[in-house]
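Okay, here's what each chain looks like letter by letter:
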Amino acid sequence: MRRLSGGARIACRAIGMMMVAPLGGCSAGAAPTIGLFGAWFPVWLLCAVIGVLAACVARGVMVGSGLADAIPGQLAVCAACGLIVACLIWLVGFGH
């Protein structure tokens, strides 16, 4: 078995620390959760579901008003509407 040189060993340790560092955001104190039906769910999941519902509502409004024929890129527009609503829910409801 070959040993790593000093520079390679330092690089491996640095890469390992960079891979582990984001896991600190998963601790109970940093990740807001909400209790639903006896289980704890992360709040970002709730915001994502609300965003998907907002995208569906935006699609329905565009079809009902006739804008669906005039606006190109329906998928991008509806996805952007859902993302905006999800981010606003996150910032207003759970932002610091």
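Once a new chain begins, its residue numbering starts again from 1 and follows that chain's sequence as written. With the structure being a predicted model, the display of local features is reserved for residues of pLDDT at least 70 and the display and counting of side-chain atom pairs for 80 or more, all residues being used for whole-chain, interface and lining totals. Note that water and hydrogens are dropped before the side-chain values are worked out from all heavy atoms of the structure.

What follows covers the overall build of the protein chain. Helix and strand content of the protein chain: three helices and two strands. Secondary structure elements follow DSSP: runs of H or I no shorter than four residues count as helices, runs of E no shorter than two count as strands, and numbering proceeds from the N terminus. Taken from N to C terminus, the helices and strands of the protein chain fall in the order α-β-β-α-α. The cut-offs for exposure are 20% and 50% of the maximum accessible area for each residue type, with area from a 1.4 Å probe on protein chains only; residues under the lower value are buried, those over the upper are exposed, and the others partly exposed. Considering the protein chain as a whole, with its 96 residues, one finds that 11% of them fall into the buried category. Whether two residues are in contact is decided by their heavy atoms: any pair within 4.5 Å suffices. Of the contacts made within the protein chain by residues no fewer than 6 positions apart, 34% connect residues no fewer than 24 positions apart. Just so you have it, the protein chain exposes about 7,400 Å², and 76% of that area is on carbon and sulfur atoms. Surface exposure here means Shrake-Rupley accessible area, sampled with a 1.4 Å probe, where a residue is shielded only by the protein chains that are shown.

This brings us to the pairing of strand S2 (residues 39-42). Paired strands are those between which DSSP finds at least two bridges. Note: strand S1 (residues 33-36) against S2, four bridges, orientation antiparallel. Its bridge partner being in S2, Ile34 is matched across the sheet by Phe41.

This paragraph deals with the side chain of Gln74. Residue position: Gln74 is located in helix H3 (residues 74-94). Given the relative accessible area of 16%, Gln74 is considered buried. Residue contacts for Gln74: discarding those within four places in its chain leaves Arg59, Met62, Leu67 and Ala68.

Helical geometry note: an α-helix holds 3.6 residues per turn, so side chains three or four residues apart project in the same direction. To estimate how far a helix should reach, multiply one less than its number of residues by 1.5 Å. With 23 residues, helix H2 (residues 43-65) should cover 33 Å at 1.5 Å per step; its first-to-last C-alpha distance of 33 Å lies within 8% of that length. Those residues of H2 that sit buried are Val43, Cys47, Gly51, Ala54, Ala55, Ala58 and Met62. Directly beyond the C-terminal end of H2, a positive phi value near 90 degrees is found at Gly66.

A separate point is H3. With 21 residues, H3 extends 30 Å from end C-alpha to end C-alpha; this agrees with the ideal 30 Å at 1.5 Å per step. Taken together, the buried positions of H3 are Gln74, Cys78, Gly82 and Ala86. One face of H3 carries all of its buried residues, which in axial projection span an arc of 95 degrees. Across H3 from its buried face, at more than 90 degrees, point the exposed residues Ala76, Leu83, Ile84, Leu91 and Val92. The inward-facing, buried residues of H3 contact H2. When we speak of the arc, we mean the arc of directions from the helix axis to the C-beta atoms.

In short, shape yes, function no, at least from these values alone.
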